Amino acid sequence: MKKERIRVGALAGRILATAMVTVVGCWLLWSCSSRPENPVPTDQLPKIYPDYVGVTIPVGIAPLNFNLMGDGIDKVDVVVRGSKGGEIHAQGSYADFDVDDWHLLTEQNKGGQLSFTVCAKKDGQWIQYKDFTVRISPYALDEWGLTYRRIAPGYEVYSKMGLYQRDLSNFEEYAIIENTQVPGMCVNCHSSAQTDPSKFVFHIRGEHGATLFQIDGKRELLKAKNDLLGGSMVYPYWHPSGEYCAFSTNQTRQGFHIAHQNRIEVFDLSSDILVYHPASHEVLTDSLISTKDWSENTPVFSPDGKTLYFMTCKQQEYPTHYQDEQYNLCKIDFDPNTGKFGEKVDTIFNAAKMGKSLTWPRPSYDGKYILFTLMDYGYFSIWHQESDQWLLDLRTGEARSITEINSKRADSFHNWNVNSHWIVFTSRRGDGLYSLLYLSSIDDQGRFTKPFLLPQHNPMKYYDSSLYSFNTPDFTKTKVTFDAYHAGKEILSEVRVETKVKNAAKKSE
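Residues numbered from 1 in each chain as written. Predicted model: local features only at pLDDT ≥ 70, side-chain atom pairs only at ≥ 80, totals over all residues. Heavy atoms only, no water.

Assigned secondary structure in the chain consists of 4 helices and 36 strands. Counting only residues that meet the buried cut, the chain has 52% of its 509 residues in that class. If you take every contact in the chain between residues at least 6 apart in sequence, the share linking residues at least 24 apart comes to 58%. Put simply, the chain shows about 23200 Å² of open surface, and 52% of that area lies on carbon and sulfur atoms. (Helix = DSSP H or I, 4+ residues; strand = E, 2+ residues; numbered from the N terminus. Buried < 20%, exposed > 50% of the residue type's maximum accessible area, 1.4 Å probe, protein only. Contact = heavy atoms within 4.5 Å. Areas by Shrake-Rupley, 256 points an atom, 1.4 Å probe, with all protein chains shown as cover.)

You can see Gln389 is positioned in strand S29 (residues 388-393). With a relative accessible area of 0%, Gln389 lands in the buried category. Apart from the residues lying within four places of it in its own chain, the contact partners of Gln389 are Leu371, Phe372, Thr373, Arg400, Ser401, Ile402, Ile405, Asn406, Asp411, Ser412, His414 and Phe425.

It is worth spelling out the environment of Gln326 at this point. The residue Gln326 is located in the loop between strand S23 (307-314) and strand S24 (328-335) in this model. Remark: the alpha-carbon pair of Gln326 and Tyr379, spanning 53 residues in sequence, is separated by 8.0 Å. Each residue touching Gln326, except ones within four places of it in the same chain, is listed here: Thr312, Cys313, Ala352, Gly355, Lys356, Ser357, Asp376 and Tyr377. Only 3.1 Å separates the side chain of Gln326 from the backbone oxygen of Gly355, close enough to count as a polar contact. Polar contacts involving the side chain of Gln326 include one to the main-chain carbonyl oxygen of Asp376, which spans 3.3 Å. (Polar contact = N/O pair within 3.5 Å; in protein donor to acceptor, adjacent residues only side chain to side chain.)

Pairing within the open sheet is antiparallel, and its 4 strands lie in the order S12-S11-S10-S35. Looking at strand neighbours, the two that pair on one side only are strand S12 (173-178) and strand S35 (469-476), the edges of this open sheet. For this sheet, the mean angle separating the axes of adjacent strands, direction not counted, is 25 degrees. Pairing between strand S11 (residues 162-167) and S12: 5 bridges, direction antiparallel. (Pairing = 2+ DSSP bridges. Axes fitted to C-alpha atoms, helices over the stretch in contact; angles between N-to-C directions.)

Here the focus is the nonpolar core. Ranked by size, the top nonpolar core spans 90 residues in total, and within it Phe66, Phe97 and Phe116 carry the most contacts. Setting aside anything within four residues of it in sequence, one finds Phe116 in contact with Phe66, Val78, Val79, Val80, Phe97, Trp102, Asp131, Phe132 and Val134. (Core = buried A, V, L, I, M, F, W, Y, C linked by side-chain atoms within 4.5 Å.)

What follows deals with helix H4 (residues 484-492). Listed in full, the buried residues belonging to H4 are Ala484, Ala487, Gly488 and Ile491. Buried residues along H4 cover an arc of 105 degrees about the axis, so they all sit on one side. Buried residues along H4 sit against S12, strand S14 (196-205), strand S15 (210-215) and strand S16 (218-223). (Arc of directions from axis to C-beta.)

Before going further, it helps to spend a moment on the sheet that holds strand S28 (residues 369-375). Pairing within the open sheet is antiparallel, and its 4 strands lie in the order S27-S28-S29-S30. Of all strands in the sheet, those with a lone pairing partner are strand S27 (357-363) and strand S30 (399-401), marking the two edges. If you compare each strand with its neighbour and ignore which way they point, the axes differ by 25 degrees on average. The pairing of S27 with S28 spans 5 bridges and is classified as antiparallel. Counterpart to Pro363 in the pairing with S28 is Ile370.

Another point: the pattern of salt bridges. If you walk through the whole model with that rule in mind, you get 12 salt bridges. In this structure, Arg81 engages Glu87 in a salt bridge whose closest nitrogen and oxygen atoms are separated by 3.5 Å. For Glu490, the salt bridge identified is with Arg219, shortest N-O distance 2.8 Å. Placement of Glu490 in helix H4 and of Arg219 in strand S16 is noted, with a sequence separation of 271 residues between them. Linked by salt bridges that have partners in common, Arg35, Arg81 and Glu87 make up one network. (Salt bridge = Lys/Arg side-chain N within 4 Å of Asp/Glu carboxyl O.)

Moving on, we come to the side chain of Ser248. Assignment of secondary structure puts Ser248 in strand S19 (residues 245-256). Side chain to side chain, Ser248 and Asn297 meet in a polar contact 3.2 Å long. Among residues more than four places away in sequence, those in contact with Ser248 are Ser232, Met233, Val234, Tyr235, Asp272, Ile273, Glu296, Asn297, Thr298 and Pro299.

Next up on the list: the pairing of S11. Burial runs high along S11: 6 of the 6 residues are buried. Here S11 shows a buried face lined by Gly162, Tyr164 and Arg166 and a second buried face lined by Leu163, Gln165 and Asp167. Relative to S11, strand S10 (residues 145-151) is paired through 6 bridges, and the arrangement is antiparallel. Across the sheet, residue Tyr148 finds its bridge partner in S11, namely Tyr164.

Structurally, Val495 is set in the loop between H4 and strand S36 (500-502). Here the alpha-carbon distance between Val495 and Lys223, two residues 272 residues apart in the chain, equals 8.5 Å.

As a further point, take the pairing of strand S13 (residues 186-193). Of all 8 residues in S13, 8 are buried, a share of seventy percent or more. Looking at chain direction, S13 and S14 are connected through 6 bridges and run antiparallel. Bridge assignment links Val187 to a residue of S14, and that residue is Ile204. What sits between S13 and S14 in their antiparallel hairpin is a turn of 2 residues, with Gln194 showing a positive phi close to 50 degrees.

Following Tyr49, the chain continues to Pro50 via a peptide bond in cis, the omega torsion being -5 degrees. In this fold, Pro50 is placed in the loop between strand S2 (48-49) and strand S3 (56-57). For Asp216, which is not glycine, the phi torsion reads 50 degrees and is therefore positive. Its location among the elements puts Asp216 in the loop between S15 and S16. Its relative accessible area of 58% is what places Asp216 among the exposed residues. Of note in the backbone geometry, Tyr235 takes a positive phi value of approximately 50 degrees without being a glycine. Structurally, Tyr235 can be placed in strand S18 (residues 231-238).

Following this line, the structure appears as structure tokens:
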């Protein structure tokens, strides 16, 4: 009986193996025969969404799946060939590439390029478009993914929104925290220490307002306002040591246009900047960065931690003179050993002389550049269609508009990856209403590549059905570990840490 079972098992194994060979053989036959036969060539490039024609991508990025635009298309066939070898194939209602095969192809062709052959089946006839190429950058991304906020583009009522993270190697998105956990909560202004989420902070607005720090897994909620500061702690940026975090204190207001290309104006009745020391709960201030007649805003540290950059403008009479609000870029020395500031403030980019306003300065982590947004006035560039990306070279002092990546619509908030060869930024170039995320690479000569939209599994379906704008994006070197359930309970509680103000005495002006 035992031998009989063995013989039956062996026979079943042979039948299974034969069946598998047959299935594989049929699959290979189908795969080969599924290629378009005798397609009619055309000298036109395919119209694809997103526009990935001629972009540069990093090794290991999620597949550049795309939809072929046009009426009457029954099927799409795409063959991708590497300049250094390798080939993958996709056929269906849109270009949907296998993630593992795509990763192998990009790895094999690092520093080379991919050539895309696209065919479309219309009324039973295949049409072959002109090939296009995508370059595989020699610069690594060196990041696990992105963090960002998704929010409906409303004005006064917080719909469902939250902080999210996305694995850049595939299409997986994860919620860090959503406002459904705390009714009426708005989460914003998140930041990690040079893309390391072991030190993570974000601000909470609403009835249960607070500033939440998570350092090496330990959470702490600061009291939303300190009466000596005059506002909440917003727009955080970590010191490279991780021992400090810079903030601004903003009394923000909104105004609305009846008929204007910019629908909304955001301005501050006042704003100052400070540096917070989490270990001692001390707030470090100085009269040079906390003045009565000027609005200091959005502080950021230099990569060596010895300079604090910020933007500032002359206080205006709001809301009547909101268009006179023009920010310049300044800097002040900072000593991380003592927590003291320098004796003078220097202006390093005078946007007001150009009749413009500067916002969102972000130094590259290699110390070469400061990326910023330039607009006509104010600092809330997401609502300004004229806002563009600019680059200041700290070695030469020269600044230029980054024409390679700018569009005719709002190009706004941005951040660098850790090796300073990639940026992520928001843009409304698609429809003028929703801010989406774009990535671009910068080479050793300071030239940027054509931006590409954050890949999605079925891009047209995803972006057409989405009711949310993306904003405040940043890279993250690892997945953010965050216990949203218990954090929500802590936010709903009354437990808050008081902050102490140090060095607040005013100098003579």
